[in-house]
Structures are given as structure tokens and as C-alpha cells.
Amino acid sequence: MSFIPDKPGHRKFAFRNLNLTQYKTYAQQYSKAKAGGIRCVYGWVSGAVVVYIVTNVGKGIVINYGKRKLAAVCINAGAYIFSPAVVVFTNASKIVNISKSVHSSAAFCFECVEDSTNLAFLPLDLALFGQPIPIGASNRFNLFGNHTDFLDV
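What you are looking at is a predicted structure, and each value in this text was computed from that prediction instead of being measured.

A. Layout of the overall build of the protein. On a plain count of helices and strands, the protein comes out with four helices and zero strands. Its helices and strands taken in sequence order, the protein reads α-α-α-α from the N to the C terminus. Taken over 153 residues, the protein has a buried fraction of 27%. For the protein, the exposed area adds up to about 9800 Å²; of that, 67% sits on carbon and sulfur atoms.

Here you go:
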């Protein structure tokens, strides 16, 4: 779980009358709701973009830019999904290390996108809690958890 800070000392936020345990509980639930909402929106938008591009490919009206967008989405999602499977099905240490690096890189990209979207919620965070509420723990998309040395392949 992400780090939830203590109540700020100033009294200029909506939840100022809650005690510390209530404040932390509300902040944790708010953080989970933000993460779930952001992921749902990005999933819906990604699906809509893929459907739009695929239908235009069928009509033959896709320009190169659209093909590059589709390829970028498919490559990043495919690398995130299929790289752990390579680790399960092979024993070659070089391939396992490369697969972990690919997965960790894709997970870092997903985390950067989600964290940058969190900036849009900053005014609401400040109004409700008096400080920014983090969206999740660092390295939350990385299934391997501890593989962060991308150059050690």
C-alpha cells in the first residue's frame, strides 16, 4: 500500500474534523478509488483507440501515425503481459534477465502514466485532505518487484 501521510497542521481542508485513524482510512480508500478510476479510464480509452484504429484499418483509411500508435500500445501491453510467461517457460538465464528487464521497463511506463494522471487530482486532494494523497506504492506494476537494474542484461 502507498504511504498515507498524517494530517497536516493547517486547518484549511474539508476533512479537518476527523480524527487521525478516520483521516488515514478515508485517505487510503480515496487513494484506491483514484487508482481504480484512472485505470478504468485508461483501459476504456485504450480499448476505444484500438477499436477505432482496427475499424479504420478495415476501411483502408489509416495513416502511418495511426499505425504507429496502435503498434506502440500493442508492443507495450504485449511486453508487459508476455514477458513473465517467458520466465516461466525457459531456463536460459540470459533470456530470463532480458524478459525481466522488458517487463520492468513496461511496468515503469505504466506507472509513469498513472502518476502523471494523478496530477489532475491535486486540487481535489488539497481541498479534501489538505495535502497530496499518493496513488500507490512505487514499483506497483512490476510483478518481479525487485528487478530494477535495466542495464544488467
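Additional details are given in the paragraphs that follow.
B. Inspection of the environment of Pro8 at higher detail. Mapped onto the elements of the fold, Pro8 is located in the segment before α1 (20–59). Looking at Pro8, the relative accessible area reads 18%, which means it is buried. Excluding anything up to four places from it in sequence, Pro8 contacts Phe13, Tyr23, Phe129, Gly130 and Gln131.

C. Local environment of the environment of Ile4. In this fold, Ile4 is placed in the segment before α1. Exposure remark for Ile4: the relative accessible area of 7% places this residue in the buried category. Aside from chain neighbours lying at most four places away, what touches Ile4 is Lys24, Ala27, Gln28, Ser31 and Ile133.

Cut-offs and rules
- Residues numbered from 1 in each chain as written.
- Predicted model: local features only at pLDDT ≥ 70, side-chain atom pairs only at ≥ 80, totals over all residues.
- Heavy atoms only, no water.
- Helix = DSSP H or I, 4+ residues; strand = E, 2+ residues; numbered from the N terminus.
- Buried < 20%, exposed > 50% of the residue type's maximum accessible area, 1.4 Å probe, protein only.
- Areas by Shrake-Rupley, 256 points an atom, 1.4 Å probe, with all protein chains shown as cover.
- Contact = heavy atoms within 4.5 Å.

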